[in-house]
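Coordinate analysis (summary)
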Amino acid sequence: MKKILFLLFLYTITFAQKKTFEQRADSVLALMSLEEKVGQLVQYSGGWATGAETGRPSEGSDELIRKGKVGSFLNVVGAEQTKKMQKAAVEESRLKIPLIFGLDVIHGYRSTFPVPIGEASTWNPTLIQKSARMQAEEASSGGVHWTFNPMVDIARDPRWGRIMEGSGEDPYLGSLMAAARVRGYQGDDLSANNTILACVKHYAAYGGAEGGRDYNTVDMSERNFRDFYLPPYKAAVEAGAGSLMASFNEIGGIPSSASKFLLTKILRDEWKTDAFVVSDWNSIGELIPHGVAKDLREAAILGIEATVDMDMEANAYYNHLADLVKEGKVDLKLVDDAVRRVLIAKFKLGLFDDPFKYCDVEREKKTIRSKEIIDATKEVASESLVLLKNEKNILPLSKDLKSIAVIGPLANSNEDPLGGWSGLSNKDEVVPLLEGIKNKLGNDVKINYAEGCKITGDDKSGFDKAIEAAKSSGVVIAIVGESSGMTGEANSRATLDLPGVQEDLIKELHKTGKPVVVVLLNGRPITIPWLQENIPAIIEAWYPGISTSFAVTNVLFGDYNPNGKLPVTFPRHVGQVPIHYNHKNTGRPHDPTNHYTSYYMDLENAPLYPFGYGLSYTTFEYSDLTLEKNQIKKDESLKVSVKVKNTGKYEGKEVVQLYIRDLVGSVTRPVKELKDFAKISLQPGETKAVEFTITPEKLKFHDINMNYVVEPGDFKVFVGTNSVDVKEASFTVVE
Ligand code: BGC
C-alpha cells in the first residue's frame, strides 16, 4: 500500500506538469489523511523560544516532520540546515510534501539595506524593487523560501515603533513601494531558485493602533479603511503576492485573525486571490485575550472559519483542528481549502519539483555578501538620506578642514545603524560613522571624538569632554538619535523627543559657537523644533544598514548630493499626533482671526517638516504648470506638465510631486492627495519638462454609497517639491 501511494505521489508531481497548480494541489490533497492536512496548516519556529506557553507538541521538529505534522518552519536558516530538515520531509514523511521555510527578511538577509521607512524615503520604487531582488537572492541562497515582508501598514502616528518597518503615511507611495517589493522578492518566476514568496502584512490596518501603542485596538470607518489603509495591501496582492499575514489587532471589535470581512469578503470575494494567509505569531491564540474565544478550541474554529490558513505558533490547529472536524464542529471543506492554498504556494515555488533547490551550499557561499548585493546596499542607503536643513550651505563640509569633532552616543556604534529586524547581519561588518569619517578624510584631519552622553538616561558627566572636543575643532558633527532597539515591534514611545540628554548636549555644543551638523539615526519621526530653529544643518539618516558610513560620509563631504524625501510627516510636538498631510478640511479650518476654528491654543497646526519634504545641495525652480485641458469627462485622463530647472551649482535629483484636491464630493475629501511623482536628475542649469497623467483611477474614492467612483466636479492640482511648496491649477470633471 505504501509503495502504491508513493508511486501515485511520484506520478502526481512528475507527470502532472501541465495541470494547473490547483489541480496539482488537489491531486496531493486526495491522498492526505485529516492529520496530514492539519499538519500543512501548522508552522513552528525552528530557533527561538515559542510565544505560546502551553500546548506545544512534545515531539522535536524532526519527529513532527516525519509524522507530517508540520508544514512550515520560520527562523530556520542556512542551506545546510534547511536541507537537513527538508530531507526528513521529502524522504521520511509518508507523503513527502516539502516544507516551506519562512523568515523576516525585512530589509536584508545578511547584507542589511536601510530600514523600510528609509527605503521609502528614496521615492524610487525601481530601486526598492532592486533592493528586494537582492534580498531575495541572498535569502534564497540561505535556504529561505518565504519572507514575511512587505510590511505595508499605513502609519500616521510616530509613537508606534513599527512605523520604521513600513513606507509611511501615504496610500499612493505605500502602494508603489508594496508592489515594488513583491515584484522584487518574487521575480518573474517564483519557481526559480533565487526568488522567494512575499507575505503582505500585517493585514489589516495594524498601523492604526490607538495612542500609537503596539498591539492596541484599531477602530475606523470602512471609508477611511478602504480609501487610506487598504490600498497598499491591494497593490501588493495585485502584484501577485503569494501570501498575507493576519494582523494582531482588532478592527471595530473583530480581531483580524477571526475576521471574515477582511479575509473572506475582501481577500477572497473582492480580490479573488489564492494567496494563503498565515496568522501572526500566536495571533489565533490571542483571540482568547481579545475576548472573542473562550479557549484555544474556539480560537481554532474562528481562525479556520475566517480562512486563516496557517497557524504560526498558537498550537490551535495542531491541538484541535482534527478533532473539531471529526466532531462536526468544523467543515472539512474549510480545512481542504486552506491546505489547497498552502500546497499551491509550494507548487508555485517549485518545491515539489526540486525541494532542495534553495539548499546549495556553494551558491550560498558565493551569494552571501556578494559585491552586487553590497553595491546595492550602498546605492539604496545613499538615496535614503533626507537633508532636513542646510543653512548657508554649510554642507557639504570641506575635506580640507584641520579638525572635526565627532560627538554623540551613536557616533561609534556599529549595531544601531543596522536598525531593527536586521536578521543575520553581523555588526562587526558595519563601519561606525566615527571610523567612516576618519577613513574618508585620512590622517591630515584631526578627529576629536567624545561620546558626550548615552542615548537614554540623564548622565551629563561626558558633556565637558564633548565641549572640549568641540572647542578645539573647526566643526562639530553630532550623531544622535534612537538606539535600534527603540523602534520596531513592541517599541512604542509616548514622547517623540530626542531621548535622554542628547538635545541638552547639542545645546552645549551649539553654545561653543562652532558650526554644528546633526546626523540623526532613528526609526520614526522625532520632534526636534529646537534643532530646526538653531542648528544649521540636519541630516535624517534613519538606519541606513551596513553601508551607513559609505552613504553618510559621502553626503557630509560632498561626494553625493542627497535626494531623499520624507514619506511621513514630522510633527513639532507629540501632541499633534496622529498627523498626516492628507487630512480633511473640517467645517472650521483654522482661521487665525477666529477663535472658534480648528487649532491648538498652545501650538501651531503645521508640522515641523511636511510629507514629501527634503532638500538638496542644489536648488530647483518650478515653472509653467500646464494642463492639457481644463475640463475632462469622468472616464478621460488629463495630462499635466511642469518645467523644473536646476538653478544651483550641483548635479542633483529631484522628486517632482503631484497632488490633487477634489473640492466638493458626496463625502468629504482630503485637502491634498499624492497621485503621482517622478524622480528626475538635472545638471546645473538644465531644465526638464515633466509630464504626468491623471487617470480616472486616480480620481476615484468611496462615495456616499461606498461605490468606488469618479464624481464630477471641480478639482485642484498641485505640483511641487513637497506637499506644501507647490504650484497649483484647476480642472473640472463632467459627466
Ligand atoms: C511580528 C511579525 C513577524 C512574526 C514572525 C511577529 O511578532 O508581528 O511581523 O513576521 O513575528 O517573526
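If you're wondering where the values come from, they're calculated on a predicted model, not measured in any experiment. (Residues numbered from 1 in each chain as written. Predicted model: local features only at pLDDT ≥ 70, side-chain atom pairs only at ≥ 80, totals over all residues. Heavy atoms only, no water.)

A word on the overall build of the protein. A count of helices and strands for the protein gives 23 helices and 26 strands. Computed over C-alpha atoms, the radius of gyration of the protein comes to 27 Å, within 12% of the 27 Å expected from 2.2 N^0.38 for 735 residues, which places it in the range of a compact globule. By its C-alpha atoms, the protein is 85 × 65 × 45 Å across when sized along the principal axes. The buried share among the 735 residues of the protein stands at 61%. (Helix = DSSP H or I, 4+ residues; strand = E, 2+ residues; numbered from the N terminus. Rg over C-alpha atoms; globule rule 2.2 N^0.38 Å. Buried < 20%, exposed > 50% of the residue type's maximum accessible area, 1.4 Å probe, protein only.)

Where helix H7 (residues 125-141) meets helix H17 (residues 371-384), the closest approach of the two axes is 10 Å, and the angle between their N-to-C directions is 145 degrees. Like other packed secondary-structure pairs, H7 and H17 cross with a definite hand, here left-handed. Facing H7, whose interface residues are Leu 127, Ile 128, Lys 130, Ser 131, Met 134, Glu 137 and Glu 138, H17 presents Glu 372, Ile 373, Ala 376, Glu 379, Val 380 and Glu 383. Looking at the contact of H7 with H17 residue by residue, the classes come out as six nonpolar, one polar and six charged. (Axes fitted to C-alpha atoms, helices over the stretch in contact; angles between N-to-C directions. Left-handed = near helix turned anticlockwise from the far one by under 90°. Contact = heavy atoms within 4.5 Å. Nonpolar A, V, L, I, M, F, W, Y, C, P; charged D, E, K, R; others polar.)

Here we take up the nonpolar core. Counting residues in hydrophobic clusters, the biggest one holds 105 residues, and the most contacted among them are Leu 41, Phe 73, Trp 146, Tyr 203, Phe 225 and Tyr 317. Among the elements that line this core, the one with the most residues is helix H15 (residues 332-348), at eight residues. Look past the residues within four positions of Tyr 203 in its chain and what remains in contact with it is Leu 230, Tyr 233, Leu 244, Met 245, Ala 246, Ser 247, Ser 256, Leu 262, Leu 263, Ile 266, Leu 267 and Trp 271. Counting 78 residues, the second largest nonpolar core, distinct from the first, contains Leu 397, Ile 455, Ile 528 and Phe 570. (Core = buried A, V, L, I, M, F, W, Y, C linked by side-chain atoms within 4.5 Å.)

The environment of the ligand is made up of 13 residues, and the closest members are Asp 104, Arg 162, His 202, Asp 280 and Glu 489. The contact in question runs from an oxygen atom of the ligand to an N or O atom on the side chain of Asp 104, over 2.5 Å. Between an oxygen atom of the ligand and a side-chain N or O atom of Arg 162, the distance comes to 2.8 Å. Here the ligand loses 94% of its free accessible area of 310 Å² to cover by the protein chains. Considered class by class, the residues forming the shell around the ligand number seven nonpolar, one polar and five charged. (Near = heavy atom within 4 Å. Polar contact = N/O pair within 3.5 Å; in protein donor to acceptor, adjacent residues only side chain to side chain. Areas by Shrake-Rupley, 256 points an atom, 1.4 Å probe, with all protein chains shown as cover.)

Next up on the list: the packing of aromatic side chains. Under the criterion given, the structure shown has 19 aromatic pairs. Ring centres of Phe 347 and Phe 352 lie 3.9 Å apart, and the angle between their planes is 15 degrees; on these two criteria the pair is classed as stacked. Phe 352 shares its class with Phe 347; the two are buried. A centroid spacing of 5.6 Å and a plane angle of 75 degrees characterise the contact between Tyr 581 and Tyr 659, whose relative ring orientation is edge-to-face. Here Tyr 581, found in the loop between helix H22 (548-556) and strand S17 (620-627), pairs with Tyr 659, found in strand S20 (residues 652-662); they are 78 residues apart in sequence, far enough to count as distant. Residue classification places Tyr 581 among the buried residues on the basis of a relative accessible area of 8%. Judged by its relative accessible area of 0%, Tyr 659 falls in the buried class. It is Lys 201 that lies over the ring of Trp 421; its NZ or CZ is 5.5 Å from the centre. The ring of Phe 550 has Lys 378 sitting right over it, with the charged end atom 5.1 Å from the ring centre. (Phe/Tyr/Trp six-rings, centres within 6.5 Å; stacked < 30°, edge-to-face > 60°. Lys NZ or Arg CZ within 6 Å of the ring centre and 35° of its normal.)

Its place among the elements puts Gly 60 in the loop between strand S1 (42-45) and helix H4 (61-66). Distance from Gly 60 to Pro 571, taken between C-alpha atoms, is 50 Å for residues 511 residues apart in sequence.

On to the sheet that holds S17, then. Ordered in space as S17-S19-S22, the three strands form an open sheet in which the pairing is antiparallel. Each edge of the sheet is formed by a strand with only one pairing partner; in this case those strands are S17 and strand S22 (687-694). The mean angle between the axes of side-by-side strands here comes to 20 degrees, regardless of whether they run parallel or antiparallel. Across eight bridges, strand S19 (residues 638-646) lies against S22 in antiparallel orientation. (Pairing = 2+ DSSP bridges.)

Attention now moves to the sheet that holds S1. With parallel pairing, the five strands of this open sheet are ordered in space as S4-S3-S2-S1-S10. For this open sheet the edge positions go to strand S4 (146-147) and strand S10 (311-312), each flanked by a neighbour on one side alone. When S1 meets S10, the two strands line up parallel, connected through two bridges. Paired with Val 42 across the two strands is Asp 311, which belongs to S10.

Following Lys 201, the chain continues to His 202 via a peptide bond in cis, the omega torsion being -5 degrees. The phi torsion at Trp 421 lies on the positive side, around 50 degrees, for a residue other than glycine. Mapped onto the elements of the fold, Trp 421 is located in the loop between strand S12 (403-407) and helix H18 (433-441). Note on Trp 421: relative accessible area 25%, which makes it partly exposed.

So, on to H18. In an α-helix, one turn spans 3.6 residues; hence positions three or four apart end up facing the same way. Taken together, the buried positions of H18 are occupied by Leu 433, Leu 434, Gly 436, Ile 437 and Leu 441. Projection of H18 onto a plane perpendicular to its axis shows the buried side chains occupying an angular sector of 165 degrees, all on one side. In this structure, the buried residues of H18 make contact with S12, strand S13 (446-450), strand S14 (475-481), strand S15 (516-521) and H22. Following H18 by one or two positions, Gly 442 adopts a phi angle in the positive range, close to 75 degrees. (Arc of directions from axis to C-beta.)

Moving on, we come to empty space enclosed by the protein. The tally for this structure, following the rule as stated, stands at one cavity of 30 Å³ or more. Of the volumes computed, that of the largest cavity is approximately 50 Å³. Lining the largest cavity are Met 151, Val 152, Asp 153, Ile 154, Ser 167, Gly 168, Asp 170, Gly 174, Ala 178 and Arg 181. By residue class, the composition of the lining of the largest cavity is four nonpolar, three polar and three charged. (1 Å grid on protein atoms, 1.4 Å probe; cavity = no way out; pocket = protein on both sides within 12 Å on 5 of 7 lines; lining within 4 Å. Points joined across faces, edges and corners; volume = space filled by probe spheres on them.)

Counting across every chain of the model gives 55 salt bridges. Ionic pairing is found between Glu 379 and Lys 130, a salt bridge with its closest N-O pair at 2.7 Å. Of this pair, Glu 379 sits in helix H17 while Lys 130 is found in helix H7, placing the two residues 249 residues apart along the sequence. Using a relative accessible area of 35% as the deciding quantity, one classes Glu 379 as partly exposed. Accessibility expressed as a relative area gives 35% for Lys 130, which makes it partly exposed. Of the charged contacts, one joins Arg 493 and Glu 482 as a salt bridge, the two residues approaching to 2.8 Å between their closest N and O atoms. Of the two residues, Arg 493 is situated in the loop between S14 and helix H20 (502-511) and Glu 482 in the loop between S14 and H20; the sequence distance between them amounts to eleven residues. (Salt bridge = Lys/Arg side-chain N within 4 Å of Asp/Glu carboxyl O.)

In terms of domain boundaries, the protein breaks down into domain 1 (37-364), domain 2 (377-569) and domain 3 (620-734). When each unit is reduced to the centre of its C-alpha atoms, the spacing between domain 2 and domain 3 is 35 Å. Here domain 2 meets domain 3 over a buried area of about 610 Å², counting both sides, of which 40% is carbon and sulfur. Interface area lost by domain 2 to domain 3 is led by Asn 561, Asn 563 and Lys 565, which between them contribute 70%. If you look at where domain 2 meets domain 3, you find three salt bridges. Two residues, Lys 653 and Glu 383, come together in a salt bridge whose shortest N-O distance is 3.1 Å. (Domains from an automatic or database assignment. Buried area = accessible area lost by both parts, 1.4 Å probe.)

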